[in-house]
Amino acid sequence: MSRSIGVIVLAAGEGSRFREVAGADKDKLLADCTGRDGAVRSVIEQVLVNLPASLDQRLLVTTEVRPQAMRMAQAYGCDIVSIESTGMGDSIAAGVAACPDADGWLIVLGDMPFILPSSIERVVAAIAEDAVSVPTLNGDYGHPVGFGRSFAAGLMALSGDRGARPLFAQGRVVEVAVDDPGVLWDIDVPDALVFPPS
């Protein structure tokens, strides 16, 4: 039986730490970075490229100030959910509310361009109705994180800047061990755009 997993790419955050270093007009999601395949793309495009083709229910949650990110996401088959808030909780809630009938949801951060597609596939495979699936590297929790159907109400009730981590206590946590430093690597500052050789 095939399952419908809603992929929610979070791209509403302001990236203030990045802007402090790079300049107020620099959007980290549009910054060039060299992917693990050697191709240079924007950060958000690297994230979208890494989503496995089997995940076809895709949403990008962002704000009106990111028209370029919206166009890029649409080119990769994403529907757009536009919100006014930049909070992670608000973004997750809006994304889940936009595809409430899915069998589960995969929360993908728009500033994590170096996650291997194989790691994403393993996290998705571990999604179960009452479980959270999370990639781990040397015991550290990474991203993306998968949530089963039983978490729908909890995800839609999130608000503000608070993410979904508190929901881990409401079900089983399935740790998916991966040998992929990309699951821990986000772009907070310009120096992070260069991924260490794997």
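Conventions we followed
Here the residue numbers are simple positions, counted from 1 along each chain's written sequence. pLDDT decides what is reported in this predicted model: residues at 70 or higher carry local features, side-chain atom pairs at 80 or more are listed and counted, and totals for whole chains, interfaces and linings draw on all residues regardless. Computation of side-chain values covers all heavy atoms of the structure but excludes hydrogens and water. Numbering of helices and strands runs from the N terminus; a helix is a DSSP stretch of H or I covering at least four residues, while a strand is a stretch of E covering at least two. Computation of the radius of gyration draws on C-alpha atoms, with the globule rule given as 2.2 Å multiplied by the number of residues to the power 0.38. We call two residues contacting when some pair of their heavy atoms lies within 4.5 Å. In these tables, accessible area is a Shrake-Rupley quantity obtained with a 1.4 Å probe, and a residue counts as shielded only by the protein chains included in the view. Counted as positive: Lys and Arg. Counted as negative: Asp and Glu, with His and the chain ends omitted from the count. One atom stands in for each charge, and that atom is NZ of Lys, CZ of Arg, CG of Asp or CD of Glu. For this document, the term salt bridge refers to a Lys or Arg side-chain nitrogen within 4 Å of an Asp or Glu carboxyl oxygen. Only protein chains enter the calculation, and the probe is 1.4 Å; a residue is then buried if its accessible area is under 20% of its type maximum, exposed if over 50%, and partly exposed in between. To pair, rings of Phe, Tyr and Trp, with the six-membered ring standing in for Trp, must have centres within 6.5 Å; the planes then decide the type, stacked if under 30 degrees apart, edge-to-face if over 60, and tilted in the middle. This arc describes the spread of directions from the helix axis toward the C-beta atoms.

Looking at an unreviewed UniProt entry, one finds the protein chain named Nucleotidyltransferase family protein, with Pseudomonas fitomaticsae as its source organism.

A.B. asks: Which parts of the structure should I look at to understand the overall build of the protein chain?
C.D. replies: Across its full length, the protein chain carries six helices and ten strands. A compact globule built from 198 residues should have a C-alpha radius of gyration of about 16 Å, and the protein chain, at 16 Å, falls within 12% of that. Expressed as lengths along the three principal axes of its C-alpha atoms, the size of the protein chain is roughly 45 × 35 × 30 Å. For the protein chain, restricting intrachain contacts to residue pairs at least 6 apart in sequence, the fraction spanning at least 24 positions comes to 66%. Summing over all exposed atoms, the protein chain offers an accessible surface of approximately 9100 Å²; the carbon and sulfur share of this is 49%. Averaging the positions of the 15 positive and the 26 negative side-chain charges in the protein chain gives two centres separated by 1 Å.

A.B. asks: Hey, could you run me through the pattern of salt bridges in this one?
C.D. replies: Counting across every chain of the model gives seven salt bridges. Note that aspartate 27 is salt-bridged to arginine 66, the shortest N-O span being 2.7 Å. With aspartate 27 in the loop between α1 (16-22) and β2 (32-34) and arginine 66 in the loop between β4 (57-62) and α3 (67-75), this residue pair connects regions lying 39 residues apart in the sequence. Under the relative-accessibility criterion, aspartate 27 is labelled buried at 13%. Relative accessible area serves as the criterion here: at 4%, arginine 66 is assigned to the buried category. Ionic pairing is found between arginine 172 and aspartate 130, a salt bridge with its closest N-O pair at 3.0 Å. Remark: aspartate 130 occurs in the loop between α5 (117-125) and β7 (131-137) and arginine 172 occurs in strand β10 (residues 172-177); sequence separation between them is 42 residues. The partly exposed category is assigned to aspartate 130, whose relative accessible area is 36%.

A.B. asks: Which parts of the structure should I look at to understand the packing of aromatic side chains?
C.D. replies: For any two aromatic rings, the description comes down to two numbers: the centre-to-centre distance and the angle of the planes. Evaluation of the coordinates by the stated rule reveals five aromatic pairs. Aromatic side chains phenylalanine 147 and phenylalanine 151 sit 5.6 Å apart centroid to centroid with 70° between the ring planes, which places their arrangement in the edge-to-face category. Here the two residues phenylalanine 147 and phenylalanine 151 agree in accessibility, since each one is buried. Each residue in the set Tyr141, Phe147, Phe151 and Phe168 is aromatic and connected to the rest through ring pairs, giving one cluster.

A.B. asks: Is there a simple way to think about α5 in this case?
C.D. replies: Since one α-helical turn is 3.6 residues long, residues separated by three or four positions face the same way. The complete set of buried residues in α5 reads Ser119, Ile120, Val123 and Val124. Buried residues of α5, seen end-on, are gathered within an arc of 135° and therefore sit on one face of the element. Of the surrounding secondary structure, the elements contacted by the buried residues of α5 are β1 (5-11), β6 (104-109), β7, β9 (145-148) and β10.

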